[in-house]
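Given next are the chains, with one letter for each unit.
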Amino acid sequence: MLSNLKIRSRLVAGFSVLVLFLILIGALSLKNLAAEGDLLSEFYEHPFAVTNAIQQVDTNITRMHRGMKDVILYASDREDMEASIAEIESCEKNVYRQLALARERVPGDKSKIDQIRESMDQWKVVRGKTIVLAQQGKVKEAIAFHKAYARRTVAQIDAQVNEVLKDSYSIAERFAAESSKNQRFTFAITAVLVALACILAAVIAFAITASITRPLTDAVQAADRLAQGDVSVEIGSSSPDELGQLLRAMGKVVQSMRGMGETANRIALGDLDVEVVPLSEADVFGKAMRDMVASLNTLADNADRIASGDLTIEVLAASPKDRLGNSFQAMTRNLRELTFEIAEVVNVLAGSAAEIMTTVSELASSSAQTATSISETNATVQEIRQTTDLTSQKSRQVYESAHRSTQIARTGRESVNSAIGGMQGIDERMGFIAERIVNLSEQSQAIGEIIATVADLAEQSNLLAVNAAIEAAKAGEHGKGFAVVAQEVKNLATQSKQATSQVRSIIGQIQKATTAAVLATEQGSKAVEAGVKQSSEAGESIRQLAASIEESSNATLQIVTSTQEQAIGMDQIAIAIQSINQASDQNVEGSRQIEAAARNLYELNQKLQRLVSGYKVA
Amino acid sequence: MPLKSSSIDWALLLKRQEAAFQAAVAPSDDPVREQALLLERARQLSLKKEPAADGTGIDCLEFLLSGERYAIELSYIAATLPLTDFTPLFCAPSFVLGITNLRGRIISIVDLRRFFELPALGLSDLNRVIVVGDERMEFGVLADSIVGTRSVSAADLLPTPDTFAGPREEFVAGVTAERLALLDMGRILADPRMVVHEEVG
């Protein structure tokens, strides 16, 4: 029932109840206070005032009584007696005034007050007589009179006054008792009401507080869980009040956050196909999420392209603080540079690997060749070893033959001498031949002169033939035969001329031939001269040869000994070559392994090149 | 070492020598070759007859002058002779080379190239003189060499081409297809420039 009301209504209702209670209590208290006041004023006006007035009456009577005594006592001193009489009179006035007051206020029986007044009137007469006696100086009569009458009157008045006083006291006591009773009743009522109000206020406060705080506590707990990021909390309320609205709104917030959370979870799991639709224009979170998905999609596309090897893309950072974009950009750039460098390195590596392969192949082949060469060398060394033995034998034979050679050289020198003589004979013959040939050349010169003459004759014959032809033409018909003759003559002349030119060319050839023959004989002569010289040199050479054969026969002896030493050296070389052979075998094996490694390297490089070529850099 | 003689085959050389001597002594007539030669000449002679039978043929003497072929009609020619010696004439035109003695007659020698005022003179042997003349005038014409007599058909003569410019144009009767220039000798002989009459003080 309470929870169906709005909080304001609830508070208003509660406070209204309390205020009503307060008004009730206040009114009650005010009424009681007013009753008390009435009682007090009544008490003051009646018993209290009467008592007071009677007491004053009593006091003044006492003072009057004392004054009368003074009057009697001080009758000799007129002045003092006058003062006392004045005082008695003022007190008498007071008494009357008070008696009037008391009579007015006294409740109930007023007769007693009237009695007091009558008594007072009687006393006054008595006093007058006394005072007059005192003034006449009859002090003893005065005292006696006073004693006789006054004392009695005063005692009577005292008794009356005391009676009135006693009545007045009883009335006052009655009043007090009534007032006290009234007060106790009011206190009790008020106390009960206050207690009731307190209990009611407590109940109302508890009810309202409870109706407000319970949903608030739920909301605070939900908000705490939300603050810790727990969106699984279920918030809902069927209450129509503000808190209900608040809780429902929070429930929507939680739902929205849960949706966002799921979307974010999908994004976190890498699912970028989510469609984020902002809830409103002001949905910053939704728009940010949408932008984030779009940006992530772009980045994912770029990453796809990079993954497929396309490094030409330029990633643009969404903002200067776009760490992912900047990282992507830097990554792409670095990848591109890296790929460039790798490509260069791969190219260099390819060249190097190829070179290594070539070199290793060459090395392998050269190692194989070395191995072959070493085995050949080994064989050669063996051969040399045998040859050395042979050399030893041969050098011995050479030594023996050197002796023979010396004798042969001597014979050779003699032969050379005789050859020199023969050559000198040839030289003389050559001179003779040259002379004859020169003679022939001179004779052919003479033939040439004759031929020139013949050619001149032929020329003249030709001219003559022309003239004859002219003459024949002049002779007309008779000269016809002559013209034929002239033509014949001309032909003859022409042939003669041709013949002379042939002869002249033959003579030119003969002259050339003779010149060549003369030159040849001259060369022959020179050759003979050179032959003589060479023969002399040969003779000298043979002599030197003989000497050197002597030397060589001596050297041959040394060769024999050194050949034996050589044989020992050859044995050592054979052992050394054996070691080299083993090393070479190892070398071959090693180079084969290197070749295999280089081939692997080359294949690896090919693979690397294929990999690198998969990246598109520019 | 066996001593080997030179590679000359002396026996062969001597044999060749013998053959050469015999060839020199033996008579040079060869009946077969002579017969062939005579036949050839007869054939050529019979060929020459044909242009003469044309009737309009001009008998002329062909000669060379600085490589060019010229011809002069035989009727103007007295004789040809070698240029043995001549005497230069002072105060004569440049085309007059000099005078010479022809069997007791004094004739002047004319250099046709200078007469034709050909600007560039080619190489020349100039060792033949063709004596031309008619009833009024007689002089020798210089030639490099004489080719011989021939007959030129009047129909073969063509008008002088443009290359024959200058003074010689008027003295050329015609040119054959073989570039043989037939000189109009009658006009040359009649030319007044040929008559040199100058007195030098």
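Here the structure is shown first, and the text comes after it.
The model shown is predicted, which means the values in this text are computed figures rather than measured ones.

This brings us to the overall build of chain B. Counting its regular elements, chain B contains four helices and ten strands. Along its sequence from the N terminus, chain B presents helices and strands in the succession α-α-β-β-β-β-β-α-β-β-β-β-β-α. Counting only residues that meet the buried cut, chain B has 18% of its 201 residues in that class. Contacts in chain B between residues at least 24 apart in sequence constitute 58% of all its contacts with a sequence separation of at least 6.

Take the overall build of chain A next. Counting its secondary structure elements, chain A contains eight helices and zero strands. In chain A, the succession of α and β elements from N to C terminus is α-α-α-α-α-α-α-α. Put simply, chain A has 618 residues, and 14% of those count as buried. Counted over contacts in chain A with a minimum sequence separation of 6, partners at least 24 positions apart contribute 78%.

All names here are of chain A. Look at helix 3 (residues 111-135): 36 Å from first C-alpha to last across 25 residues, which is about the 36 Å you get at 1.5 Å a residue. Every buried residue of helix 3 is accounted for by Ile 113, Ile 116, Trp 123, Arg 127, Thr 130, Ile 131, Leu 133 and Ala 134. Buried residues in helix 3 make contact with helix 1 (7-73), helix 2 (78-105) and helix 4 (139-227). At the C-terminal side of helix 3, Gly 137 shows a positive phi close to 80°.

Attention now goes to the packing of helix 1 of chain A against helix 2 of chain A. All names here are of chain A. Viewed as axis vectors pointing N to C, helix 1 and helix 2 meet at an angle of 160°, and their least axial separation amounts to 8 Å. Comparing the axis directions of helix 1 and helix 2 gives the class roughly antiparallel. When you trace helix 1 past helix 2, the crossing you get is left-handed. By residue class, the composition of the contact of helix 1 with helix 2 is 17 nonpolar, seven polar and six charged.

The subject of this paragraph is the sheet that holds strand 5 (residues 105-110) of chain B. Residues and elements named next belong to chain B. Here five strands make up an open sheet; going across it, the order is 3-6-7-5-4 and the pairing mixed. Two strands lie at the open edges of the sheet, namely strand 3 (77-82) and strand 4 (96-102), each paired on one side alone. Neighbour-to-neighbour, the strand axes of this sheet turn through a mean angle of 30°, independent of strand direction. Where strand 3 and strand 6 (residues 128-133) come together, five bridges link them in antiparallel fashion. Considered in strand 6, the bridge of Pro 82 is made with Arg 128.

For the rest of this paragraph, the subject is the interface of chain A and chain B. By a frequent convention, interface size equals the accessible area lost on bringing the separate parts together. Counting residues at the interface gives ten residues for chain A, matched by 13 residues for chain B. Elements supplying a minimum of two residues to the side of chain A that touches chain B: helix 7 (323-475) and helix 8 (480-613) of chain A. By residue class, the composition of the side of chain A that touches chain B is six nonpolar, three polar and one charged.

A separate point is the nonpolar core. Formed by 42 residues in total, the largest nonpolar core has its most connected members in Ala 469 of chain A together with Leu 61, Ala 71, Ile 72 and Ile 130 of chain B. Looking at which element gives the most residues to this core, the answer is helix 7 of chain A, with eight residues. Residues Val 95, Trp 123, Ile 131 and Val 164 of chain A belong to the second largest nonpolar core, which totals 28 residues.

The five strands are arranged 8-1-2-10-9 (chain B) in an open sheet whose pairing can be described as mixed. Both edges of this open sheet fall to strand 8 (145-153) and strand 9 (172-175) of chain B, since each of them pairs with a single strand only. Averaged over all pairs of adjacent strands, the angle between strand axes in this sheet comes to 30°, irrespective of strand direction. The sheet contact formed by strand 1 (residues 57-65) of chain B and strand 8 of chain B spans eight bridges and is antiparallel. Along strand 8 of chain B, the bridge assignment pairs Cys 60 of chain B with Arg 150 of chain B. Set on the sheet, helix 7 of chain A makes contact with strand 1 and strand 8 of chain B; between it and strand 8 of chain B the angle comes to about 30°.

Residues and elements named next belong to chain B. One non-glycine residue, Cys 91, lies in positive phi territory at about 60°. Along the chain, Cys 91 turns up in the loop between strand 3 and strand 4. A tally of 9 C-beta atoms within 10 Å means that Cys 91 is categorised as exposed. With a phi close to 45°, Arg 103 is a non-glycine residue in the positive phi region. If you trace the backbone, Arg 103 turns up in the loop between strand 4 and strand 5.

All names here are of chain A. Mapped onto the elements, Leu 5 comes out in the segment before helix 1. For Leu 5, a count of 16 C-beta atoms within 10 Å corresponds to the partly exposed category. Separated by 206 residues in sequence, Leu 5 and Ser 211 have C-alpha atoms that sit 9.9 Å apart.

Residues and elements named next belong to chain B. By the bridge criterion, three bridges tie strand 2 (residues 68-73) to strand 10 (residues 180-183) in an arrangement that is parallel. Pairing of Arg 69 across the sheet is with Leu 180, part of strand 10. In this structure, strand 9 lies alongside strand 10, joined through three bridges in antiparallel fashion. Within the sheet, the bridge partner assigned to Val 172 lies in strand 10 and is Leu 183. Connecting strand 9 to the next strand, strand 10, in antiparallel fashion are four residues, including Arg 179 with a positive phi near 60°.

Cut-offs applied
- Residues numbered from 1 in each chain as written.
- Chains lettered and ligands numbered in written order.
- Predicted model: local features only at pLDDT ≥ 70, side-chain atom pairs only at ≥ 80, totals over all residues.
- Helix = DSSP H or I, 4+ residues; strand = E, 2+ residues; numbered from the N terminus.
- Buried ≥ 20, exposed ≤ 12 C-beta atoms within 10 Å, placed from the backbone.
- Contact = placed C-beta atoms within 7 Å.
- Expected span 1.5 Å × (residues − 1).
- Axes fitted to C-alpha atoms, helices over the stretch in contact; angles between N-to-C directions.
- Parallel < 35°, antiparallel > 145°, perpendicular 65-115°, else oblique.
- Left-handed = near helix turned anticlockwise from the far one by under 90°.
- Nonpolar A, V, L, I, M, F, W, Y, C, P; charged D, E, K, R; others polar.
- Pairing = 2+ DSSP bridges.
- Core = buried A, V, L, I, M, F, W, Y, C linked by C-beta atoms within 7 Å.

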